[in-house]
Amino acid sequence: MITEFKTLAKPGEGLFKDRGSKFLGFATHVTSEEEVKEFLADLRKQYYDARHHCYAYVLGADRKTFRANDDGEPNHSAGDPILGQINSKELTDTLVVVIRYFGGTKLGVSGLINAYKLAAEEALDNASFITVEVQNEIVLQYGYDDTNEVMRLVNELKINIVDQKFEASCELIGTIKINLAEQLESKVQLLNDLGHKIDLKVED
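Now for a quick tour of the structure.

1. Details of the overall build of the protein
Looking only at helices and strands, one finds five helices and eleven strands in the protein. Here the C-alpha coordinates of the protein stretch approximately 80 × 30 × 25 Å along the principal axes. For the protein, the share of sequence-separated contacts (at least 6 apart) that also reach a separation of at least 24 residues comes to 71%. Element-wise, carbon and sulfur atoms account for 46% of the exposed surface of the protein, whose accessible area totals about 11,200 Å². Separation between the mean location of the 23 positive side-chain charges and that of the 34 negative ones in the protein comes to 8 Å.

2. Observations concerning unusual backbone geometry
Leave glycine aside and you will find that most residues have negative phi; peptide bonds, for their part, are mostly trans. Of note, the phi angle at Arg 63 is positive, near 60 degrees, even though the residue is not glycine. Counting through the fold element by element, Arg 63 comes out in the loop between strand S4 (52-59) and strand S5 (65-69). For Arg 63, a relative accessible area of 27% puts it in the partly exposed group. Phi at Lys 158 is positive, roughly 50 degrees, even though this residue is not glycine. By the element assignment, Lys 158 lies in the loop between helix H4 (147-156) and strand S9 (160-165).

3. Let's talk about the pattern of salt bridges
A full pass over the atoms with the stated rule returns six salt bridges. Two residues, Lys 89 and Asp 125, come together in a salt bridge whose shortest N-O distance is 3.4 Å. One end of the pair, Lys 89, is in the loop between helix H2 (79-88) and strand S6 (94-101); the other, Asp 125, is in helix H3 (residues 108-125), with 36 residues separating them in the sequence. Ionic pairing is found between Lys 177 and Glu 133, a salt bridge with its closest N-O pair at 3.5 Å. Taken together, the residues span a long stretch of sequence, with Lys 177 in strand S10 (residues 169-177) and Glu 133 in strand S7 (residues 128-133) at a distance of 44 residues. Note on Lys 177: relative accessible area 25%, which makes it partly exposed.

4. Comments concerning a negative patch on the surface
A cluster of acidic residues, Glu 34, Glu 35, Glu 38 and Asp 42, forms a negative patch at the surface. Checked against the element boundaries, Asp 42 lands in helix H1 (residues 33-46). Since its relative accessible area comes to 47%, Asp 42 is described here as partly exposed.

5. Some thoughts on the nonpolar core
Within soluble globular proteins, side chains that are nonpolar generally end up buried alongside one another. Among the nonpolar cores identified, the biggest contains 23 residues, and Phe 23, Ile 82, Ile 86, Val 96, Val 98, Tyr 116 and Leu 124 are the most heavily contacted of them. Breaking this core down by element, the ones donating at least two residues are strand S3 (21-29), S4, H2, S6 and H3. Tallying contributions element by element places H3 first for this core, with seven residues. Excluding its chain neighbours within four sequence positions, the residues that come into contact with Leu 124 are Leu 8, Ala 27, Gln 85, Ile 86, Lys 89, Leu 91, Thr 94, Val 96 and Phe 129. Formed by 18 residues, the second largest nonpolar core is a distinct cluster that contains Leu 153, Ile 176, Ala 181 and Ile 198.

What counts, and at which threshold
- Residues numbered from 1 in each chain as written.
- Predicted model: local features only at pLDDT ≥ 70, side-chain atom pairs only at ≥ 80, totals over all residues.
- Heavy atoms only, no water.
- Helix = DSSP H or I, 4+ residues; strand = E, 2+ residues; numbered from the N terminus.
- Contact = heavy atoms within 4.5 Å.
- Areas by Shrake-Rupley, 256 points an atom, 1.4 Å probe, with all protein chains shown as cover.
- Lys, Arg positive; Asp, Glu negative; His and termini not counted.
- Charge placed at Lys NZ, Arg CZ, Asp CG, Glu CD.
- Buried < 20%, exposed > 50% of the residue type's maximum accessible area, 1.4 Å probe, protein only.
- Salt bridge = Lys/Arg side-chain N within 4 Å of Asp/Glu carboxyl O.
- Patch = residues over 30% accessible without salt bridge, like charges linked within 9 Å, V, L, I, M, F, W, Y side chains within 5 Å.
- Core = buried A, V, L, I, M, F, W, Y, C linked by side-chain atoms within 4.5 Å.

Below, the structure written as structure tokens:
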């Protein structure tokens, strides 16, 4: 079970130059492919005169969603070295874009690999990282009379309350650390066995 992952807390930028070519690196936090597209679109507007916008990203706590894009550079000479830097730091929910301004001299595949790697590395080195604990979303539904029991669970298991409504039929929407979700399910089951009526839904 994956209980935590490392991602960017603050973005970073990098710059590498080689034989007239400039490689601008940008590292940022993203949580979806839609955010990747938006960030790329913004950079393409800002650096519209650059020849290449190469990038790589990794998404999800399990790091199973990823992509590397060479954007017209020789195959595997740009996207893969950028992805390699994200992987070397074991990051996820991370996008790194390296923009190239061509300086008139071809660098060769090995030169390109080195340049994209170093620009990505510097962008990540200038970012800051954070370790995030994986959370499950939960919904608790219960009668008003069981409010005290539910709030005891909230305090014991450090449930983060996202939304709450107190009526004859109450509802609490929150998040809980993934490694405490089973414990919550057991405690709710015990309370129900004791005569309370508390309905729990746990979302992955």
